[in-house]
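Close look at the chain arrangement
The lines below spell out each chain.
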Amino acid sequence: DNAGLTLLQTVTASSSATVDITGNFSSTYDNYIIYFNNVRCSNAPEYFGARILTPSGGGTYWADSGSYGTVTSTDASTGDSQYNRIPLTVSSLENNGDWDLRGYVNIPYPLTSSYKYIEFMVLAGCPDDSALMTYSTGAANLYKNDNLTAIQFLPETGTISAGTFKLYGIAK
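Residues numbered from 1 in each chain as written. Predicted model: local features only at pLDDT ≥ 70, side-chain atom pairs only at ≥ 80, totals over all residues. Heavy atoms only, no water.

1. Points about the overall build of the chain
- The helix and strand inventory of the chain stands at zero helices and 11 strands.
- Counting from the amino terminus, the chain carries its helices and strands in the arrangement β-β-β-β-β-β-β-β-β-β-β.
- Burial analysis of the chain (172 residues in total) assigns 47% to the buried set.
- When contacts within the chain are restricted to residue pairs at least 6 apart in sequence, those whose partners lie at least 24 apart make up 75%. (Helix = DSSP H or I, 4+ residues; strand = E, 2+ residues; numbered from the N terminus. Buried < 20%, exposed > 50% of the residue type's maximum accessible area, 1.4 Å probe, protein only. Contact = heavy atoms within 4.5 Å.)

If you want it as structure tokens, here you go:
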């Protein structure tokens, strides 16, 4: 344990179409946080997002248009429907060469029967200026009254060529 955090799962990406954090959401913790570091996508500049799995999804991550609602720190468009995934980045981000993607997703109360909420923060490089960083913050929800059982990270196209994702339970 580190400051009330208990490491529950580590996933290392290597040319992965998706990174799935599964099977560790229980009543032991009310809140969870996923930290990701050194994430690189094969088709940079790239958009980066997440999807949620619930039992009512029949074993499939929710990807229907209109499944998610989001609010972010800017009004930029993601280039694909913001509503078939949670847009963790609101513009294409440079994450090859000197830049990588890093940040967190906070998941409060994943086992409630209400809509699922998450909060996120992502840092990365701007593709139009090699000397600038971009910072994306926001919150999102899945319009389903069901337990969250997994979360999936994915680029808009290509693969996640590298990166580490760590799920922690936060002490009550």
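2. Points about the confidence of the model for the chain
- For the chain, per-residue confidence averages 82 on the pLDDT scale, and residues scoring 70 or more make up 81% of the total.
- The least confident element of the chain is strand 5 (residues 68–72), whose mean pLDDT is 77; the most confident is strand 1 (residues 5–13), at 96.
- Residue range residues 75–82 is modelled with pLDDT below 50. Its contacts to residues more than four positions away, or to other chains, number 18 contacts. (pLDDT = per-residue confidence, 0-100.)

3. Topic: unusual backbone geometry
- Even without glycine at this site, Asn 38 takes up a positive phi of about 55 degrees.
- In this fold, Asn 38 is placed in strand 3 (residues 31–41).
- What makes Asn 38 partly exposed here is its relative accessible area of 43%.
- Located in the positive-phi region is Tyr 109, a residue other than glycine, with phi close to 45 degrees.
- For Tyr 109, the location among the structural elements is in the loop between strand 7 (101–108) and strand 8 (116–125).
- For Tyr 109, a relative accessible area of 44% translates into the label partly exposed.

4. Here's the deal with the pairing of strand 4 (residues 48–53)
- By the criterion of burial, strand 4 is predominantly enclosed, with six of the six residues buried.
- The side-chain alternation of strand 4 yields two buried faces, one formed by Phe 48, Ala 50 and Ile 52 and the other by Gly 49, Arg 51 and Leu 53.
- As defined by bridge partners, strand 4 adjoins strand 6 (residues 86–87) across two bridges and the pair is classed as antiparallel. Paired with Ala 50 across the strands is Ile 86, a residue of strand 6. (Pairing = 2+ DSSP bridges.)

5. Thoughts on the environment of Gln 9
- Inspection of the secondary structure assignment puts Gln 9 in strand 1.
- Using a relative accessible area of 16% as the deciding quantity, one classes Gln 9 as buried.
- Along the chain, Gln 9 and Ile 21 lie 12 residues apart, while their C-alpha atoms are 7.4 Å from each other.
- Contact partners of Gln 9, with chain neighbours within four places excluded, come to Asp 20, Ile 21, Thr 22, Asn 24, Phe 165, Lys 166 and Leu 167.
- At 3.3 Å, the side chain of Gln 9 forms a polar contact with the backbone nitrogen of Thr 22. (Polar contact = N/O pair within 3.5 Å; in protein donor to acceptor, adjacent residues only side chain to side chain.)

6. A word on the packing of aromatic side chains
- For the structure shown, the criterion picks out 10 aromatic pairs.
- Look at Tyr 29 and Tyr 32: their rings are 5.8 Å apart centre to centre, the planes differ by 75 degrees, and that puts the pair in the edge-to-face class. Comparing Tyr 29 with Tyr 32 shows no difference in burial state: the two are buried.
- Taking 5.1 Å as the distance between ring centres and 40 degrees as the angle between the ring planes, the aromatic pair formed by Phe 153 and Phe 165 counts as tilted. Of this pair, Phe 153 sits in strand 10 (residues 150–155) while Phe 165 sits in strand 11 (residues 160–170); the two residues are 12 residues apart in sequence, bridging distant segments of the chain.
- Through a chain of ring-to-ring contacts, three or more aromatic side chains come together here, namely Phe 36, Phe 48, Phe 153 and Phe 165.
- The ring of Trp 62 has Lys 144 lying over it, and the distance from NZ or CZ to the ring centre is 4.1 Å. (Phe/Tyr/Trp six-rings, centres within 6.5 Å; stacked < 30°, edge-to-face > 60°. Lys NZ or Arg CZ within 6 Å of the ring centre and 35° of its normal.)

7. Brief notes about the side chain of Asn 106
- Inspection of the secondary structure assignment puts Asn 106 in strand 7.
- Here Asn 106 falls in the buried class, since its relative accessible area comes to 15%.
- When residues no more than four places from it in sequence are discounted, the contact partners of Asn 106 are Tyr 32, Ile 33, Tyr 117, Ile 118, Glu 119 and Ile 170.

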